[in-house]
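Results of the structural survey
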Amino acid sequence: SFAFLFAGILILLCMLIILYIFVQKFFNSKIALYASILFILSPSSYTVSGLFVGHGHLHITLFILFALFFFFNFHFNDINRTKNLIFFGLFSGFGIFFSNIFLFILPPCFFLWFLKDKIFFLKKYYFIFIIALVIGLIPWLYVNAQTDFRGLNLFKFGFDNNYASIEKVKEVSQRATNLL
């Protein structure tokens, strides 16, 4: 239906805007234009899977762009450093909640942070990030607590690891509705 396609198009449009702003802010306008053109001319399989097959991992890409934007803003902008780090932690937590693919983003960020400051893990900004990350992981913790933490089984593939069954999703949503 149109509403389903519109959600995918809206996510792609947000990603394009954030990509342009991110690259233009930390590099320059010419590179931002090239990055936007490459994004628009992405392989058709990515676009088709994003629009017609349940939006694939489009939302993860959006969370990655937001997280990287705030990460770079924290390191290269001296204004609102704490706020940027809080948003980096929150988007990281939400990104992990939506898909474990986001976990591949954090090690390069920590490595870059280590290159800039060798003892970053002993400073207050690291603890601010950890607190924001845990707050962003609250939905993940809630869903996994409801499913006996079967979501932590990252290495078991196949249909027998269907911890997010329709019945369980209905049960969790009913409990959340009853809480409200």
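**Some thoughts on unusual backbone geometry**
Even without being a glycine, Asn80 presents a positive backbone phi close to 55°. Looking at the secondary structure, you find Asn80 in the loop between α4 (58-76) and α5 (81-98). We classify Asn80 as partly exposed; its relative accessible area is 44%.

**Some points on the pattern of salt bridges**
Counted under the stated rule, the structure contains one salt bridge. Close ionic contact of Asp117 with Lys123 constitutes a salt bridge, the shortest N to O distance being 3.0 Å. Using a relative accessible area of 19% as the deciding quantity, one classes Asp117 as buried. On the basis of relative accessible area, Lys123 is assigned to the partly exposed category, the value being 37%.

**So, the environment of Leu106**
Following the sequence through the fold, Leu106 ends up in helix α6 (residues 106-116). With a relative accessible area of 8%, Leu106 lands in the buried category. On a C-alpha basis, the gap between Leu106 and Leu68 in space is 9.7 Å, while along the polypeptide they are 38 residues apart. Those residues in contact with Leu106 that lie beyond four places of it in its chain are Phe88, Ser92, Ile96 and Phe129.

**Looking at a nonpolar patch on the surface**
A cluster of nonpolar side chains, Phe2, Phe6, Leu10, Leu13, Ile17, Tyr20, Ile21, Leu33, Tyr34, Ile37, Ile40 and Leu41, forms an exposed patch at the surface whose accessible area comes to about 1200 Å². Here Tyr34 shows up in helix α2 (residues 29-40). According to the relative accessible area criterion, Tyr34 is partly exposed, its value standing at 47%.

**Section: the packing of α5 against helix α7 (residues 124-136)**
Packed helices, taken two at a time, are described by their axes: the angle between them and the distance between them. Between α5 and α7, the least distance of the axes is 7 Å, while the angle of their chain directions is 35°. Considering the relative orientation of α5 and α7, their crossing is right-handed. Together, Arg81, Thr82, Leu85, Ile86, Phe88, Gly89, Leu90, Ser92, Gly93, Phe94 and Ile96 of α5 and Tyr125, Tyr126, Ile128, Phe129, Ala132, Leu133, Ile135 and Gly136 of α7 make up the contact between the two elements. For the contact of α5 with α7, the residue count by class is 13 nonpolar, five polar and one charged.

Rules and cut-offs
Residues take numbers from 1 onward in each chain, read along the sequence in its written order. For this predicted model, a pLDDT threshold of at least 70 governs which residues receive local features, and a threshold of 80 or more governs which side-chain atom pairs are given and counted, while totals over whole chains, interfaces and linings are taken from all residues. Where side-chain values are given, they derive from all heavy atoms of the structure, hydrogens and water being excluded. Counting from the N terminus, the helices are DSSP H or I runs at least four residues long and the strands are E runs at least two residues long. Only protein chains enter the area calculation, which uses a 1.4 Å probe; residues under 20% of their type maximum are buried, those over 50% are exposed, and those in between are partly exposed. When a carboxyl oxygen of Asp or Glu lies within 4 Å of a side-chain nitrogen of Lys or Arg, that pair is called a salt bridge. The contact rule is simple, with two residues in contact once any of their heavy atoms fall within 4.5 Å. Surface patches are defined over residues having more than 30% relative accessible area and no salt bridge, joining like charges when they lie within 9 Å and nonpolar side chains (Val, Leu, Ile, Met, Phe, Trp, Tyr) when within 5 Å. Under the convention used here, a 1.4 Å probe and the Shrake-Rupley method define accessible areas, while residue burial counts only the protein chains that appear. Axes here mean lines fitted to C-alpha atoms, for a helix over just the part in contact, with angles spanning 0 to 180 degrees between N-to-C directions. Crossings are classed by handedness, with left-handed meaning an anticlockwise turn of the near helix from the far one by less than a right angle and right-handed meaning a clockwise turn. Residues are grouped as follows: Ala, Val, Leu, Ile, Met, Phe, Trp, Tyr, Cys and Pro are nonpolar; Asp, Glu, Lys and Arg are charged; every other residue, Gly included, is polar.

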